[in-house]
Amino acid sequence: MQSTLMTWQQSLPLLLFIIAALYLPGCLLVAALGNRKPIFVAALGPVASIALAGIDGVLFQPLGISWSWRSYGLSAVMLIIVILLARQLFNHFRNSDEVGRESWVPTTNVGKTKPRLRHFLPALPAIIGTVLAACNIGIRLMHAAPSPDQVTQNYDSVFHYNVVARTVLTGQASSLHALPPIREIYPIAFQQFAAMGAMAYRPATAVSAVTCTWLVFAALIWPISMLFLIRILLGRHAWSDLLTPVLASCCAGFPFLLLDWGTLYSMFAGQVILPVFVALTWAWCTDGWREGRRSLAGLAWIFLSVVAVSFCHFRVMMTGALLVLPVILIWLIRSGRQLAQTNRHRFRLVAGLLAAGFLILLATGLKIFHNLYLRGPARKISDHLNGGPAQPTEDLPSAIVRFLLGQPIDSGSRRLPVYWPLALALILALIVLCLHHSRKDMLLVSSFMLLGLVFVACAGTHADWAKILTALWYKDQRRLFSAWPVVAIPIMGMALEHGIGALKRYTPQAEKMISMPIMMLAATVAVLICAVNPQLDSMEKTLGSTYAFAANDADAPMLSTDEFLLMKRMGRHVSTSEQVLSDPWNGSGYMLAVGGTTPFYAHLNMNWDQDHAYLATNFEHIDSDPQVCRILTDHHIDWYADMGGPYVANDPQHQIFNGLHPVPQALQLVDSQGRAKLYRITACRP
């Protein structure tokens, strides 16, 4: 086993495998279903792969099938074969013209098929923009974390890394049994792809696999998802193909924002593919619902995106629902009018059912709310959502201004610099759209305002009304703010399209005269916003502190280089059937992820069972308390790791471990790195 940190060059095979796992099965599935447009395949491919992996993980465990990259690939091959056979059977009953219309593809302004070279040239701006975005994100991540083996040193990351390590160790990847007994139900699609990478590339640790998976999601899937959304909303333009991926790489702190705040890998992955859901829903509600049989295929693609986002993290769908609410309401009105004109009786029936369903849902929600927060002598709502992420960081006017300016805060609630070029561009774009006043413009502005309303309620007040309004979002402004680019970038693109359209209408020769200057300007802007971006520079610096190792004689943050290197080689001494005892708050919680050895305490806090609780408080009495040795023997705990003190002093959740410190006469030193030491427990030997 390696005893040094992996370099980014050494992780290249890992990166390539994760890219293949995310793109190859899904893109083949999308193509097999009849959708061949490159942007559709590139955007829907990862979505299909994520949905397939999530479903595989849930289904394989009760069937006793070990989940791995092999079983995942085999299930993809089998599904593709079934789809192709079904299409062949379908083709048998329909002529070739009908077959060509069977799949649903959102309407865009993509031109007809051209010769290969001429077909490639229009795609060049999108390719260049995506490469620039990928380089911008990748280079900044590598500056922040010089090695993919560096961990994000915060509370949540222990859980996420250990989910990946457990999947590698056991071959179980069900979101219904994520990390027993720490957490059962938790969406782990992101972690599944990290686990696949670690399984395929054995030199990788779970930590490096997670880091590389994050990079693929952020540098490839996120820019392409945003490009797909812009294509649906604006059609195909060279300037938007170039600018959209670049803007996605440096807008409002995303994609780095959730990596700094709590290392929310699952939430981050859902946000990355959320634009695909928004685009599909927008396309269906505006035009796709009128297209007969193809509208059913459109609903199927929307359902697939919902499944994929939910397997990343189902809470992201709350934000997705917020963003598409205006376009869904308009669709309900338009479709209701059409139905009323064609069949008034059916319209009354459908309207009655919808109204009844809404009233039942509302009544159920009010009843639950009353029981949880209002019933009884105490106003329980006053104690609801008072945790760390739920605390307001400013007053309402300040929160409104910060949302309009696209100014995020870091994990320490410090404001990052305003990136004024984008902030001013957004404000100007909002003015243009309000003056233009088309339906599409107002829908975009409405989505932006809804997102802003919930964000401001989270960030600007702790009043009861804000807790009620934002309960579906944990009253957590960071997760909401990460969706800011999903609406802000389309608003800026829409306003720019109106401006270019006005120039083209001004003179018949304008289109040829301005096309080249616009592209040169777009290319210049793309390079500048990657290179000169104080907001992103500040985000990178903050992220660097999140990844930084502790000094080798320090307790905070959790893990030092010495401790990491010792854990990485623990597998030389500790067998897979044995467990290691240690205080998880001193960094040893990463033991499974770094070295593949199983810690007795796999997270910092939970409802510990009797054995875990007893051992944590009584290990210091190992020489005099036979109950301690009984627990050690029953759980095959033959090792003790000493890695200093807890990274947070006097935390109430850590108090249970106050008695878990080295007992020299009960231990035999086996390996050490600096002050980090691995002992064999000798006191309980017969």
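Please read all numbers here as calculations on a predicted model, not as lab measurements. (Residues numbered from 1 in each chain as written. Predicted model: local features only at pLDDT ≥ 70, side-chain atom pairs only at ≥ 80, totals over all residues. Heavy atoms only, no water.)

A. A look at helix 12 (residues 265–286). Spanning 22 residues, helix 12 covers 33 Å between terminal C-alpha atoms, matching the ideal 32 Å at 1.5 Å per step. The largest bend in helix 12 is about 40 degrees, located at I273, with the proline P275 one to four residues further on. With 22 of 22 residues buried, helix 12 is to be regarded as a mostly interior element. (Helix = DSSP H or I, 4+ residues; strand = E, 2+ residues; numbered from the N terminus. Expected span 1.5 Å × (residues − 1). Bend = angle between axes of the 7 residues up to and from the residue. Buried < 20%, exposed > 50% of the residue type's maximum accessible area, 1.4 Å probe, protein only.)

B. The state of the cysteines, seen in detail. Summed over all chains, the structure comprises 1 disulfide. A sulfur-sulfur separation of 2.1 Å characterises the disulfide bridge that pairs C629 with C684. Taking the torsion about the sulfur-sulfur bond, which here is approximately -80 degrees, the covalent link between C629 and C684 counts as left-handed. Taken together, the positions of C629 in helix 27 (residues 626–634) and C684 in the segment after strand 5 (676–681) put the pair 55 residues apart, joining distant regions of the chain. Take C629: its relative accessible area is 15%, and that puts it in the buried class. Looking at the unpaired C135, the closest cysteine sulfur is the one in C530, lying at 8.6 Å. Its sulfur unpaired, C434 is 18 Å from the next cysteine sulfur, which belongs to C251. With relative accessibility at 41%, the residue C434 sits in the partly exposed group. (Disulfide = S-S within 2.5 Å.)

C. Just unusual backbone geometry, in detail. Across the junction of P180 and P181, the peptide omega takes the value 0 degrees, indicating a cis bond. Mapped onto the secondary structure, P181 falls in the loop between helix 7 (155–170) and helix 8 (189–200). In this chain, A556 is followed by P557 through a cis amide linkage whose omega measures -5 degrees. As for its placement among the helices and strands, P557 is situated in the loop between helix 23 (534–547) and helix 24 (561–568). One non-glycine residue with positive phi stands out, namely A252, at about 60 degrees. Residue position: A252 is located in the loop between helix 10 (238–248) and helix 11 (257–260). Here A252 falls in the buried class, since its relative accessible area comes to 2%.

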